[in-house]
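Breakdown of the fold
Residues per chain, in single letters:
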Amino acid sequence: MSKAVQVRFGGFGGQGIVLAGLLLGRAASFDSKFVAGSNSYGAQARGSACRSEVIISEDPIDFPHVTIPDILVVMSQRAYELFSRQLARGGLIFYDSQFISPRRRRGVVEVSATGMALQDIGDKRVANVILLAAVVATTGIVSQEALLRAIDESVKDRHLEFNKKAAALGFGYKGVLP
Amino acid sequence: MVRAMEQYLRPGIPTTPFCPGCGHGILLGLILRAIHGLDIDMREMLFVSGIGCAAWIPSPHFNADTLHTTHGRAIAFATGAKLYNPKLRVMVISGDGDLFSIGGNHLIHAARRDIDLKVICANNMIYGMTGGQVASTTPRGFTTSTTPLGNPDRPFDLCKLVEAAGGRYVARYSVTQPLALMESIKKALFLEGFSFIEVLSPCVPQFGSKNLMESAPKIIEWLMEKCIPREKAEGLSREELNGKIITGEWGDV
Amino acid sequence: MAWKRIKASLPPGRHYFSGNEAVAEGAISAGCRFYAGYPITPSSEIMERMAHRLGQTGGVFVQMEDELSSISAVTGASWAGAKAMTATSGPGFSLMMEGIGYAAFTETPCVIVDIQRAGPSTGQATRVGSGDIMQAKWGSHGDYQIIVLSPWSVQEMYEQTIQAFNLAERYRVPTFLMGEEAVGHLRENLEIEPWVRVFDRKKATGRPPFEAKSPRQIPPMPSFGEGERLLVTGSTHDGLGIRRTDDPKVHARLIERINDKILLNKPTIVDVDGFFLDDARVAVLCYGFTARSSLSAVKGLREEGYRVGFMRLKTLWPFPHENVGELSERVERIFVPEMNRGQVGGEAMKSSQCEIISFCQTNGEVIRPEVIRKELMRLL
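From a predicted model like this one, the values you see are computed outputs, not experimental measurements. Along each chain, numbering runs from 1 in the same order as the chain's sequence is written. The order in which chains are written sets their letters, starting at A; the order in which ligands are written sets their numbers, starting at 1. Under the rules for a predicted model, residues below a pLDDT of 70 receive no local features and side-chain atom pairs below 80 are neither given nor counted, while totals for whole chains, interfaces and linings still include all residues. Heavy atoms throughout the structure, all of them, feed into the side-chain values; hydrogens and water do not.

**Looking at the overall build of chain B**
Broken down by element type, chain B carries 11 helices and eight strands. For chain B, whose C-alpha radius of gyration is 17 Å, the value lies close to the compact-globule estimate of 18 Å for 253 residues. A principal-axis box enclosing the C-alpha atoms of chain B has dimensions of 45 × 40 × 35 Å. Residues counted as buried form 57% of the 253 residues belonging to chain B. Every residue pair with non-hydrogen atoms within 4.5 Å of one another is taken to be in contact. Sequence-distant contacts, at least 24 apart, represent 65% of the contacts inside chain B between residues at least 6 apart. Using a 1.4 Å probe, the Shrake-Rupley method yields the accessible areas, and only the shown protein chains count as cover for residues. For chain B, the exposed area adds up to about 10500 Å²; of that, 56% sits on carbon and sulfur atoms. When charges are counted, Lys and Arg are positive and Asp and Glu negative, with His and the chain ends excluded. Charged side chains are reduced to one point each, which is NZ for Lys, CZ for Arg, CG for Asp and CD for Glu. The centroid of the 25 positive side-chain charges in chain B is displaced by 3 Å from the centroid of its 24 negative side-chain charges. Elements are defined by DSSP. Helices are runs of H or I of four residues or more, strands are runs of E of two residues or more, and each kind is numbered from the N terminus. Using C-alpha atoms as the atom set, the radius of gyration is obtained and then compared with a globule rule of 2.2 Å times the number of residues to the power 0.38. Per-residue accessibility, obtained with a 1.4 Å probe over protein chains only, is compared with the maximum for each type, and a residue is labelled buried under 20%, exposed over 50%, and partly exposed between these values.

Set out below in structure tokens:
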């Protein structure tokens, strides 16, 4: 990885968009990368539009907010509409097929994250981790070990097991790169 | 006795600034006598005060650590000092305007938290230092420089307020009841938790002069007539109690 | 000397933290053991982490009823011997001004963190701004000095918090860390060194706590409970703390001393950073988060051969007039981008020999690098 990779997550409050960004950032830090993470921030906690961003780089990061994302990870149609127009050339969009039907065909990777979360784990709250793990498995932006360690350090003990199970599911769902 | 009390006064401070007839000097003496009676080392004491005449009771007169703060915030400063160094015996001495108007919120919260502070409120029912404006303790109908036609509002019952907020020991005495007041101060110093004593203290030039009590004896007489001990009050009817100030102790006695 | 080396609050190495979390860690590392505050967006994460960390380190945490009482409790605790701090934002900072004046006048070491949001009033509570720079300096009535630091990264939120405690203790002065929402909520790598250099206030018995032999010196500060029978007051006082509210000489001398003790020590307090200044025609003068955007823009333009330079003010007060003056003699123009209506740009005009061009953005968003680039292109 020679240049910085910019990742943007989008969805609505309660889907774990902020946690996904935190996990990715922390994992990249474990991989000894330079990282900058930020997220949308407002008074409403649930149901509102939500965004989270991470820059991962080999070099120190001057401006720490995402300018043009290389990877877009979306969990709502609204986030898809809002963010998909702004993507780097050759960029990728990972989307949760439960919520989104993408208009474009190029550069999109379908992950049935919420579907798998409900079906295989019985808890839709881990869809974010399945989706993130699929992104990691597909692109290799961070190592799988680092993501697992990030989950270890970021998730409450009682939620650890099913989050790890979700990560394993996501890792197995290596998307076909377009 | 007089010589024995000198050790409690800061050397080099010649006189108090209080006006003739002011009750604050009596209160000053009673606080020191209570400390003397309990044989407390002044080096363990921290006196915190706000702004106003009563805030000058400890600062600079008391020969101990004193913190003379901003208007209304004495209890907040005291909270910080007491929480960080619980060994300090912290007494807050301030006036009614300072503790109950501008600083009322800090007072009720300190009572709620049950911080081990001994709060003494010298209540002269008026803003003395700033020229006799109405206070939240001025009785209804009384004249002040901002209520020329008489105060239209009701005054706070300070003790009820502190008791409702969770005060551990709550008492009210007038400087015309010096022995009971001194015993009450001793009790507050001795008990742990948030203690509060309201001390009625005459202000001749502001409160008295605006309300037909132009001399110290007159206002002292008025206070003596108005104050009625709790035990005595219990047998009286509502009409008989009208306009009276009930003195005594509430809470953990 | 009152310098010492103590272990950092976190294990050495690389961590991933938000700016607000890093402030709390910096405070714990610096030896802060008292926090009083009131919740307010966007600074609350600092108090939440302090509640947690002070519990672990035997310190005292208290959530007060408002910001007036928070700064007051901090001052009370400081005189009881604590390294004490509070953090706030926007309206809370306004409320603290009364207590800040008291702390400055009584020469009380304390740290105040202001995570700036878009004002005035409630403004945009969750959005960014840097509109409090002048308020930090001039917010309380009367003439006094304070120290203000301006962090641009999570790393600096940690390091400058430690520095703020050291400056506060060394100069007996309220010291401010003026972050912005964007750096408070930014997450970045935080490199922790194993040891931290900290300064503890000087103590002495039997010496006046409000008087020094020379204007540059700082009087010793004993604590309550040490038998010094201290007199601390926010009224004009002599060296012993005795109220002298009628004496013009005592007042003049005290005001002069509390100003001089900071201004005469400017060379050891003020810190600025500069890049690409040798042959620059235009320099960007910046601070806080906007310095991140500026650096990105300047680097880009440099790669294209433009002679543009970069100066970052890590200290905002006392204002680095000497550095700005020197810079202004070397460049043709100084460009000052700010998330306010030109607070630092205006101050820079006092010492600049060249034209100052203020760029103000007050829409609750950070100034992006491309905006700075576009503005600079017009000047180059």
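**Here we look at helix 4 (residues 90-105) of chain C**
Residues and elements named next belong to chain C. Expected helix span is given by 1.5 Å per residue-to-residue step, counting one fewer step than there are residues. With 16 residues, helix 4 extends 23 Å between its outermost C-alpha atoms, agreeing within 8% with the 22 Å of an ideal straight helix rising 1.5 Å per residue. Burial in helix 4 covers these residues: Gly90, Gly92, Phe93, Met96, Met97, Gly99, Ile100, Gly101, Tyr102, Ala103, Ala104 and Phe105. Trailing helix 4 by a residue or two, glutamate 107 shows a phi angle of about 55°, which is positive.

**Regarding the packing of aromatic side chains**
Think of it this way: a Phe, Tyr or Trp ring, Trp meaning its six-membered ring, pairs with another when their centres are within 6.5 Å, and the plane angle makes it stacked under 30 degrees, edge-to-face over 60, tilted otherwise. Summed over all chains, the structure comprises 19 aromatic pairs over all chains. When the centroid spacing of 4.8 Å and the interplanar angle of 75° are considered together, the rings of phenylalanine 47 of chain B and phenylalanine 62 of chain B count as edge-to-face. Here phenylalanine 47 of chain B is found in strand 1 (residues 45-49), whereas its partner phenylalanine 62 of chain B is found in the loop between strand 1 and strand 2 (65-68), with 15 residues between them in sequence. Look at tryptophan 152 of chain C and phenylalanine 310 of chain C: their rings are 6.2 Å apart centre to centre, the planes differ by 40°, and that puts the pair in the tilted class. Residue tryptophan 152 of chain C is located in the loop between strand 8 (147-149) and helix 6 (154-171), and its partner phenylalanine 310 of chain C is located in strand 15 (residues 308-313); the two are separated by 158 residues in the primary sequence. Across this residue pair, the class does not change: tryptophan 152 of chain C and phenylalanine 310 of chain C are buried. An aromatic cluster is present here, built from Trp152, Phe275, Phe276 and Phe310 of chain C joined pairwise through their rings. By definition here, charges over rings are those cases where NZ of Lys or CZ of Arg is within 6 Å of the ring centre and within 35 degrees of the ring normal. Positioned above the aromatic ring of tryptophan 138 of chain C is the side chain of lysine 137 of chain C, whose terminal nitrogen or guanidinium carbon lies 3.9 Å from the ring centre. One residue, arginine 197 of chain C, lies across the ring of tryptophan 3 of chain C, its end atom 4.1 Å from the ring centre.

**Structural notes on the sheet that holds strand 15 of chain C**
In any sheet, the strands associate via hydrogen bonds between backbone groups, in a parallel or an antiparallel arrangement. Residues and elements named next belong to chain C. Here, a strand pair is defined by DSSP locating no fewer than two bridges between the strands. Within the open sheet, the five strands sit side by side as 13-15-14-17-18. Their pairing is mixed. Both outer strands of the open sheet, strand 13 (272-275) and strand 18 (355-360), are each paired with one neighbouring strand and no more. Ignoring which end each strand starts from, the neighbouring axes of this sheet average 20° apart. As paired strands, strand 17 (residues 333-338) and strand 18 are joined by six bridges and run parallel to one another. The residue of strand 18 that forms the bridge with isoleucine 334 is isoleucine 356. This element, helix 10 (residues 290-303), spans strand 13, strand 14 (282-286), strand 15 and strand 17 of the sheet and lies at about 160° to strand 15. Every angle, taken between N-to-C directions, lies between 0 and 180 degrees, and every axis is a line fitted to C-alpha atoms, over only the stretch in contact when it is a helix.

**Some remarks on the interface of chain A and chain C**
Across the boundary between the two partners, chain A contributes 20 residues, which contact 24 residues of chain C. Of the roughly 1800 Å² buried where chain A meets chain C, counting both sides, 52% is carbon and sulfur surface. A quick way to say it: buried area is the sum, across both parts, of accessible area lost when two parts are put together, with a 1.4 Å probe. It is Tyr41, Asp62 and Phe63 of chain A that lose the most area in chain A upon contact with chain C, and together they represent 39% of the buried surface on that side. For this document, the term salt bridge refers to a Lys or Arg side-chain nitrogen within 4 Å of an Asp or Glu carboxyl oxygen. For the pair chain A and chain C, the interface holds one salt bridge. Measuring nitrogen to oxygen at the nearest pair gives 3.1 Å for the salt bridge that ties lysine 299 of chain C to aspartate 62 of chain A. Elements with a minimum of two residues in the side of chain A that touches chain C: helix 1 (17-30) and strand 2 (34-39) of chain A.

**Description of the sheet that holds strand 2 (residues 13-18) of chain C**
With respect to topology, eight strands assemble into an open sheet ordered 6(A)-5(A)-4(A)-1(A)-3(A)-2(A)-10(C)-2(C), the strand pairing being mixed. Each edge of the sheet is formed by a strand with only one pairing partner; in this case those strands are strand 6 (108-111) of chain A together with strand 2 of chain C. Neighbour-to-neighbour, the strand axes of the sheet open up by a mean angle of 20°, direction not taken into account. Against the sheet, helix 1 (residues 19-30) of chain C makes contact with strand 2 and strand 10 (187-192) of chain C, and its axis sits at roughly 120° relative to strand 2 of chain C, the strand it touches most.

**Topic: the arrangement of the chains**
Taken together, the two pairs of chains in contact show their highest number of contacts between chains B and C. At their nearest point, the C-alpha atoms of chain A and chain B are still 27 Å apart, with no contact between the two.

**Quick word on the environment of serine 294 of chain C**
One can find serine 294 of chain C in helix 10. Sequence-distant contacts of serine 294 of chain C, that is, excluding residues within four places in its chain, are made with Val284, Cys286, Phe310, Pro337 and Ile372 of chain C.

**Brief notes about helix 6 (residues 157-172) of chain A**
All names here are of chain A. Over its 16 residues, helix 6 extends 24 Å from the first C-alpha to the last, a length consistent with the 22 Å expected when each residue adds 1.5 Å. All of the buried residues in helix 6 are His159, Leu160, Phe162, Asn163, Ala166, Ala167, Gly170 and Phe171. Where helix 6 is buried, its residues touch helix 3 (113-121), helix 4 (127-139) and helix 5 (144-154).

**Regarding the nonpolar core**
Within soluble globular proteins, side chains that are nonpolar generally end up buried alongside one another. Residue and element names in this part refer to chain C. Within the largest apolar cluster, 69 residues are counted, with the highest numbers of intra-cluster contacts made by Ile46, Met50, Met85, Val113, Phe335 and Leu376. Per-element accounting of this core gives the leading share, nine residues, to helix 6. Residue ranges assigned to the domains are those given by an automatic or database domain assignment. When residues of this core are assigned to domains, at least three fall in each of domain 1 (3-199) and domain 2 (271-379). Ignoring sequence-local partners within four residues, the contact set of phenylalanine 335 consists of Val282, Ala283, Val284, Leu285, Ile357, Phe359, Ile372, Glu375, Leu376 and Leu379. Formed by 50 residues, the second largest nonpolar core is a distinct cluster that contains Ala36, Val60, Val62 and Ile71. Throughout, nonpolar core names a set of buried Ala, Val, Leu, Ile, Met, Phe, Trp, Tyr and Cys residues whose side chains join them through atoms within 4.5 Å.

**Re the interface of chain C and chain B**
The figure often quoted for interface size is the accessible area lost as the parts come together. Taken together, the contacts link 35 residues of chain C with 30 residues of chain B. Between chain C and chain B, the buried area comes to about 2700 Å², and carbon and sulfur atoms account for 60% of it. The interface formed by chain C and chain B holds two salt bridges in total. Residues glutamate 65 of chain C and arginine 113 of chain B are paired through a salt bridge, measuring 2.7 Å at the closest nitrogen-oxygen approach. Polar contacts here mean pairs of N or O atoms no more than 3.5 Å apart (in protein, one a potential hydrogen donor and the other a potential acceptor; neighbouring residues in sequence count only if both atoms are side-chain atoms). At the surface where chain C touches chain B, the tally comes to 16 residue pairs in polar contact (both at pLDDT 80 or more). Going through the elements one at a time, strand 4 (60-63), helix 3 (67-79), helix 4 and strand 12 (231-233) of chain C are the ones with two or more residues in the side of chain C that touches chain B. Any residue outside Ala, Val, Leu, Ile, Met, Phe, Trp, Tyr, Cys, Pro, Asp, Glu, Lys and Arg is labelled polar, Gly included; the first ten of those are nonpolar and the last four are charged. Of the residues contributing to the side of chain C that touches chain B, the split by class is 15 nonpolar, 12 polar and eight charged. Here strand 2 of chain B runs beside strand 12 of chain C; their pairing, made up of three bridges, is parallel. Bridge pairing in strand 12 of chain C links threonine 66 of chain B to leucine 231 of chain C.

**Let's talk about the packing of helix 5 of chain A against helix 6 of chain A**
Residues and elements named next belong to chain A. For the pair helix 5 and helix 6, interaxial distance at closest approach is 10 Å and the crossing angle is 160°. If you check the angle between helix 5 and helix 6, you find them roughly antiparallel. The chirality of how helix 5 crosses helix 6 is right-handed. Taking contact as the criterion, the partners of Gln144, Leu147, Leu148, Ile151 and Asp152 in helix 5 are, on helix 6, Leu160, Asn163, Lys164, Ala167 and Phe171. The labels follow the angle: roughly parallel below 35 degrees, roughly antiparallel above 145, roughly perpendicular from 65 to 115, and oblique for the rest. Left-handed describes a crossing in which the near helix is turned anticlockwise from the far one by less than a right angle; the clockwise case is right-handed.

**Quick notes on the environment of leucine 19 of chain A**
Along the chain, the position of leucine 19 of chain A falls in helix 1. The class of leucine 19 of chain A is partly exposed, set by a relative accessible area of 27%.

Such coordinate-based values are descriptive only and should not be taken to indicate function.
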